[in-house]
Amino acid sequence: MKKIYLYSRYERFWHWLQMVFIFILIVTGLEVNGLYSLLGFKRAVTIHTFTGLAWLVSFFFFVFWVLTTGEWRQYVPTSKKMLQVIRFYSFGIFKGEAHPVPKRKDAKHNPLQRLSYLILAAAMLPVQMLTGFLYWRYNVWNAWKLDFLDLETVAGIHIALTFAIVCFVIIHMYMTSTGHTLTAHVKAMVTGWEDVEDDQEVFDWEKQ
Amino acid sequence: MMKEFFMQSFVLKKHVAKTCCLMALIMGCFLPPVHGEDGMKPVDKGGFAAMRSQQIKINHSRYEILKQDFTSGDEVTKACLSCHTTADEDFRKTIHWTWLTPGPDAETPMGKAGYSINNFCISTNNMNDKSCSACHAGWNGKEGEINCLVCHGQKEFNMTEAFDDLNYFKAESDDESRDMAQEIQGNIKKTVEDIGIPQRKNCGSCHFYGGGGNGVKHGDLDNSLATPSKDLDVHMAGDGGNFTCTRCHTTRMHEVAGRTYTSPASTTRKSLIDDDLMPKITCESCHSSSPHKILAKMNDHTDKVACQTCHIPAFAREKPTKVWWDWSKAGELKDGKKVKTEDYMTIKGEMRWETNVKPEYDWYNGALRTLTLKDTIDPSGIVQVSKPVGDSHDPHSRIFPFKVFRGKQPYDPKSNRFLAPLLSGNQGYWETLDWESALTLGMKDMNLPFSGTWDFVETTSVFPITHMVAPAANALSCKECHSPMGRLAGIGGVYIPGSSDNAWISRIGVFLAMCALLGSLGHGVLRFLVRKGKGI
């Protein structure tokens, strides 16, 4: 085992900030949607609105980071080794096989992660923010010439995506336990240093 | 020289004015903000009457013409008109006098004196049902002069009765009668001299008692509003805004704003900042269409939800209002005598009363659609004698609270039209308890046919709830509507977060989330079992 520096400071900060935002938004959002009573409707709406706006603003920094650092390349989907990865999580993992696509500095994500993170970061989250923003500015649709929109539809998309994100979060949280120890991946996202197998080719600048 | 002097004084005045403005501005900075909770606009605590008395003060007791010995109401009015020369011309054009408003065609005027009906006393039978005229603002129905005192008299005193008594005692010759006559004359004089703008009790003398008793008809108007507590009406309460009715029901040439009938009380939703000469009849007039704090979500509701919907959580909050009136049960005697209890009256039928009633809600653009005696009805179901006009697509419509009044009333099964019985007077139903003659006479007064057979049909009518505005703290909480079985369940045409709208998406979503959770757990458990003993 050796350690490589995989996640930069901003990247880790963004990950955990977004986690907090998404957690608050899910808890308050589901309450607004009538699933339970926790904070009270009015407070839930207020917290949801301001958290959503904060997320929206900070998301632009993430977009800037992803574009200017070239990290966007980490999200380009590939079918290479996709089947092997699916096979690994379906069977190999139970037999103690090695991961077919080990983490590397220039390839943080396996093909399955690339695809799911791309769908999440490039489609689901932006659409969620857009529908959320429109939902919030419902009263100026007319002034913005958006009166062709229908609140029930916009809200419907927002709610459907919420549950999609909830599903992602559940699976994502479970997947963090699939490293060489149960908490290895979580630690990596906290410290930035990921353990990789010794036989991996690692450049000098990656080493601890 | 003179010109120079004027110029100087003009410049001086300008200078003084500038200084005053500046001082006011500086002072203003140190004054506490006038806006209260939730951006509510300030209200002047002295009340409208106090404000008006500062603007103009007339002591009517100093007018010689009011010091005469009046013997009839008409004489009093003539004295009023000797100064207020066009008051009667103006007043006779208003619905307070005509009780008429244009109907579907020229032959079918609507209104109490027209062909409109309700499910209380049903109709005035072309003003022939005299008990109805008790609330007409004349001395004797539409005959003779208008009655200025009913609205402008500041003393509570029954003038009609007083004149009857006066003329009776005057005709007698004994000393006691003469004394009585003198005393009554004195009271009449005191009443005539005490004149002002209408107070809550003036308007209330009719509007609190509509339908034949206190609180019967409207639900949001009863004599608890004469001196209301702040909890009952935040605007009208003495320790609140101390508003008189005319504070909102602004009046122009005796035309009082706020009539809700075939057309809305106000078609614009302007605030006084947009137009300070318009009637102040809507909430928006003073509160604007974004009355809450900046960015408060409540401001985003005003395009669909009327202020009244949240700010009047219940009506008839202190005194009961009638909610059910079944005419078909009328006529039963007990031991040969007429019964008169809260729940049953021989002359009127079965009643039900409720206090602190939750309104029912509907889309409403301010107009009501009321049936007339000429309309054909479908008696197989419940007939809506009046219903709100409006729908969710109409930009002028809002979700509005209503009192829905239910009951049973007579109709003609041959023609499927409503019937209007004559109720008061010697030949009226209240005296004879004979439906056939009451209906025959009533329909004859309306010049409408009656087949001779009658039956009773269940009906509903609606009354917009707009008075009894509660303090902000008592307004509805979000949950009242934003919950699966909230107050607006089934209203349609609007998406209400947290209600049962879009519930199917949530059901699928919860199912998928459970799948993800169980799948992950299953995967984890399998990993644990298979690799047990092999390390992790």
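Before any of the text, the structure's been laid out above.
Everything quoted here is computed from the prediction, not taken from an experiment.

Glancing now at the interface of chain A and chain B. Every contact between the two is made by 35 residues of chain A and, on the other side, 30 residues of chain B. Between chain A and chain B, roughly 3,000 Å² of surface is buried when both sides are summed, and carbon and sulfur atoms account for 65% of that area. The interface formed by chain A and chain B includes twelve residue pairs in polar contact (both at pLDDT 80 or more). The set of elements that each furnish at least two residues to the side of chain A that touches chain B consists of α2 (41–68), α3 (82–95), α4 (111–136) and α5 (151–175) of chain A. Broken down by element, the residue count for the side of chain A that touches chain B peaks at twelve residues, all from α5(A).

Take the pattern of salt bridges next. It is possible for side chains of opposite charge to pair when their charged atoms get near one another. Applying the stated criterion across every chain yields a total of 15 salt bridges over all chains. The closest approach of N and O atoms between Lys3(A) and Asp195(A), which form a salt bridge, is 3.2 Å. Residue Lys3(A) is found in strand β1 (residues 2–5), and its partner Asp195(A) is found in strand β2 (residues 193–196); the two are separated by 192 residues along the sequence. The exposure class of Lys3(A) is partly exposed, given its relative accessible area of 34%. Judged by relative accessible area, Asp195(A) falls into the partly exposed class, the value being 23%. Connected through salt bridges with shared partners, the residues Asp88(B), Arg92(B) and Glu145(B) form a single ionic network.

So, about the pairing of strand β5 (residues 321–326) of chain B. Residue and element names in this part refer to chain B. Extensive coverage of β5 is indicated by the burial of six of its six residues. Here β5 pairs with strand β9 (residues 349–354) via five bridges, running antiparallel. Of the residues in β9, the one forming a bridge with Trp325 is Met351. Relative to strand β14 (residues 398–412), β5 runs parallel, the two being bridged by three bridges.

Let's shift gears to unusual backbone geometry. All names here are of chain B. A positive phi angle is found at His254, which is not glycine, with a value near 70°. Along the polypeptide, His254 turns up in the loop between β3 (251–252) and β4 (255–256). On the accessibility criterion, His254 (28% relative accessible area) is partly exposed. Even without a glycine there, the phi angle at Leu433 is positive, about 55°. Residue position: Leu433 is located in the loop between α13 (429–432) and α14 (435–445).

What follows concerns the packing of aromatic side chains. This model, assessed by the stated rule, comprises 27 aromatic pairs over all chains. Ring geometry for Tyr117(A) against Phe168(A): centres 6.2 Å apart, planes inclined by 75°, an arrangement best described as edge-to-face. Here the residue Tyr117(A) occupies a position in helix α4, and Phe168(A) occupies one in helix α5, the gap between them amounting to 51 residues. When the centroid spacing of 5.2 Å and the interplanar angle of 70° are considered together, the rings of Tyr168(B) and Phe169(B) count as edge-to-face. A relative accessible area of 17% places Phe169(B) in the buried class. Through a chain of ring-to-ring contacts, three or more aromatic side chains come together here, namely Phe120(B), Trp325(B), Trp327(B), Phe405(B), Tyr429(B), Trp435(B), Phe456(B) and Phe463(B). The ring of Trp136(A) is capped by Arg137(A), whose NZ or CZ atom sits 4.7 Å from the centre of that ring.

Sizing a probe to match a water molecule and rolling it over the atoms shows the empty space that remains. All names here are of chain B. Under the criterion given, the structure shown has one cavity of 30 Å³ or more. Reported here for the largest cavity is a volume of approximately 30 Å³. Lining the largest cavity are Leu373, Asp412, Ser415, Arg417, Leu419, Met443, Leu448 and Pro449. The residue makeup of the lining of the largest cavity, split by class, is five nonpolar, one polar and two charged.

Conventions and cut-offs
Residues numbered from 1 in each chain as written. Chains lettered and ligands numbered in written order. Predicted model: local features only at pLDDT ≥ 70, side-chain atom pairs only at ≥ 80, totals over all residues. Heavy atoms only, no water. Contact = heavy atoms within 4.5 Å. Buried area = accessible area lost by both parts, 1.4 Å probe. Polar contact = N/O pair within 3.5 Å; in protein donor to acceptor, adjacent residues only side chain to side chain. Helix = DSSP H or I, 4+ residues; strand = E, 2+ residues; numbered from the N terminus. Salt bridge = Lys/Arg side-chain N within 4 Å of Asp/Glu carboxyl O. Buried < 20%, exposed > 50% of the residue type's maximum accessible area, 1.4 Å probe, protein only. Pairing = 2+ DSSP bridges. Phe/Tyr/Trp six-rings, centres within 6.5 Å; stacked < 30°, edge-to-face > 60°. Lys NZ or Arg CZ within 6 Å of the ring centre and 35° of its normal. 1 Å grid on protein atoms, 1.4 Å probe; cavity = no way out; pocket = protein on both sides within 12 Å on 5 of 7 lines; lining within 4 Å. Points joined across faces, edges and corners; volume = space filled by probe spheres on them. Nonpolar A, V, L, I, M, F, W, Y, C, P; charged D, E, K, R; others polar.

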